[in-house]
Amino acid sequence: MVIMSLSTLIKNQNICEICEKKQLNSFFQIPSLPTLTINNFKYTKSSKSSNKKFKVRYCSHCKVVILDKKIKFNKLYKNFINKQPQNNFIKSEIKKKLNQLKKINIFNIGKNTDFIEKKDIKNINYLKFDPTITKEDSINKKFHSLPKLVNKYRNKVDLIILDNFISNIIDINKTLLILKSLLSKNGKILIYTNYSFFNILRNDINCFYHEHVHYFSLKSLLILFKKNGLYLGKFKFLEEGAFMYLIFEKRQNFINKNLR
């Protein structure tokens, strides 16, 4: 059985882990910022954490902003409650896939709640990999359990959902390699994430806190996924450019005029 670790980082602080260019520079820092947990969009200080220096670096090549020092999931998501509204773009892709296949495998990776309608449950094999849980069951798995299912689900997962979570993953390159190995030939990775330049251009640092490891530009996402053998199939800016919706696949698609 092949189990891939999710614990190794690029150790050279000047090398960008996204594009692997030596163009990572200090960007800005906040001398004292409490470690925060998120409950219904209200930030609360973690009971066992102290104020920590918040420092980010910026890659002048791929334009990603990266948190300098990462904090483990179990410190960030203790007593986490998530009541975010579900993403309609992701729901529509689930319906499309159900129209194509009688039975589909869906992996939901992150802290957002279920996307599955009750009437569709019988046609879906659903697994959720969640950093907020302490105990696993048949459906809800810890995020770090993902590599353990590589052999069982290799090339069998039809949809992988990363809703408001791709920016939170510490070992993003190893995670993407695992996701690629799980994805079926015609499978899709559905991503909804914030667009970092929107906040930077508006001088708004509200989205900058310890939960987010990466603050992606579009260029950095394209470089990251292509490096790991995954290609853009669909892209759209949402909420006046504050967020991005993307679909990546194993196969390289024709880039039409609108997408280009």
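Residues numbered from 1 in each chain as written. Predicted model: local features only at pLDDT ≥ 70, side-chain atom pairs only at ≥ 80, totals over all residues. Heavy atoms only, no water.

A. View of the overall build of the protein. Helix and strand content of the protein: six helices and 13 strands. When burial is assessed residue by residue, the protein has 51% of its 260 residues classed as buried. Looking at the protein as shown, the accessible area adds up to about 13,700 Å², and 51% of this sits on carbon and sulfur atoms. (Helix = DSSP H or I, 4+ residues; strand = E, 2+ residues; numbered from the N terminus. Buried < 20%, exposed > 50% of the residue type's maximum accessible area, 1.4 Å probe, protein only. Areas by Shrake-Rupley, 256 points an atom, 1.4 Å probe, with all protein chains shown as cover.)

B. Summary view of the side chain of Ser184. Among the structural elements, Ser184 can be located in strand S10 (residues 183-194). Contact partners of Ser184, with chain neighbours within four places excluded, come to Asn155, Lys156, Val157, Asp158 and Lys250. (Contact = heavy atoms within 4.5 Å.)

C. Representation of the state of the cysteines within the structure. For the structure shown, the criterion picks out zero disulfides. Just so you know, Cys16 is unpaired, no disulfide at all, and the nearest cysteine sulfur is the one on Cys62, 3.7 Å from it. (Disulfide = S-S within 2.5 Å.)

D. Representation of the confidence of the model for the protein. Overall, the predicted model of the protein reaches an average pLDDT of 84, with 84% of residues at or above 70. The spread of mean pLDDT over the elements of the protein runs between strand S3 (residues 42-45), the lowest at 49, and strand S9 (residues 157-163), the highest at 97. Taken together, the stretch residues 38-43 has pLDDT below 50 and engages in 17 contacts with residues farther than four places along the chain or on a different chain. (pLDDT = per-residue confidence, 0-100.)

E. Representation of the sheet that holds strand S7 (residues 124-130) within the structure. Pairing is mixed in the open sheet, where seven strands are placed in the order S8-S7-S6-S9-S10-S13-S12. Edge strands, defined here as strands with exactly one partner in the open sheet, are strand S8 (140-142) and strand S12 (231-238). Across this sheet, the average inter-strand angle for adjacent strands is 20 degrees, counted without regard to direction. Relative to S9, strand S6 (residues 104-109) runs parallel, the two sharing three bridges. Bridging from a neighbouring strand, Ile106 pairs with Leu159 of S9. Here helix H4 (residues 172-182) sits on the sheet and contacts S6, S9 and S10; the angle it forms with S10, its principal contact strand, is near 140 degrees. Against the sheet, helix H6 (residues 218-227) touches S10, S12 and strand S13 (243-249), its axis set at about 20 degrees to S13. (Pairing = 2+ DSSP bridges. Axes fitted to C-alpha atoms, helices over the stretch in contact; angles between N-to-C directions.)

F. The packing of aromatic side chains, seen in detail. For the coordinates displayed, the defined rule picks out 15 aromatic pairs. A centroid spacing of 5.3 Å and a plane angle of 80 degrees characterise the contact between Phe73 and Phe143, whose relative ring orientation is edge-to-face. Of this pair, Phe73 sits in helix H1 (residues 73-76) while Phe143 sits in the loop between S8 and helix H3 (150-153), placing them 70 residues apart in sequence. Neither residue differs from the other here; Phe73 and Phe143 are each classed as buried. Three or more aromatic residues link up through ring pairs in this structure, and these residues are Phe27, Phe28, Phe54, Tyr58, Phe208 and Tyr215. (Phe/Tyr/Trp six-rings, centres within 6.5 Å; stacked < 30°, edge-to-face > 60°.)

G. The arrangement of the nonpolar core in detail. Ile94, Ile189 and Phe225 are the most contacted members of the largest nonpolar core, which totals 66 residues. In terms of residues, this core owes the most to one element, S13, which gives six residues. Once you skip the residues sitting within four places of it in the chain, Ile94 turns out to touch Ile104, Ile106, Phe115, Ile116, Ile124, Leu159 and Ile161. Grouped together as the second largest cluster of nonpolar side chains are eight residues, Leu33, Val56, Val65 and Tyr215 included. (Core = buried A, V, L, I, M, F, W, Y, C linked by side-chain atoms within 4.5 Å.)

H. Molecular detail of the packing of H4 against H6. Running from N to C, H4 and H6 point in directions that differ by 55 degrees, and their axes come no closer than 9 Å. By the angle class used here, H4 and H6 are oblique. Remark: the crossing between H4 and H6 carries right-handed chirality. Residues Ile172, Asn173 and Leu176 of H4 form the contact with H6, whose participating residues are Leu224, Phe225 and Lys227. Classifying every residue of the contact of H4 with H6 gives four nonpolar, one polar and one charged. (Parallel < 35°, antiparallel > 145°, perpendicular 65-115°, else oblique. Left-handed = near helix turned anticlockwise from the far one by under 90°. Nonpolar A, V, L, I, M, F, W, Y, C, P; charged D, E, K, R; others polar.)

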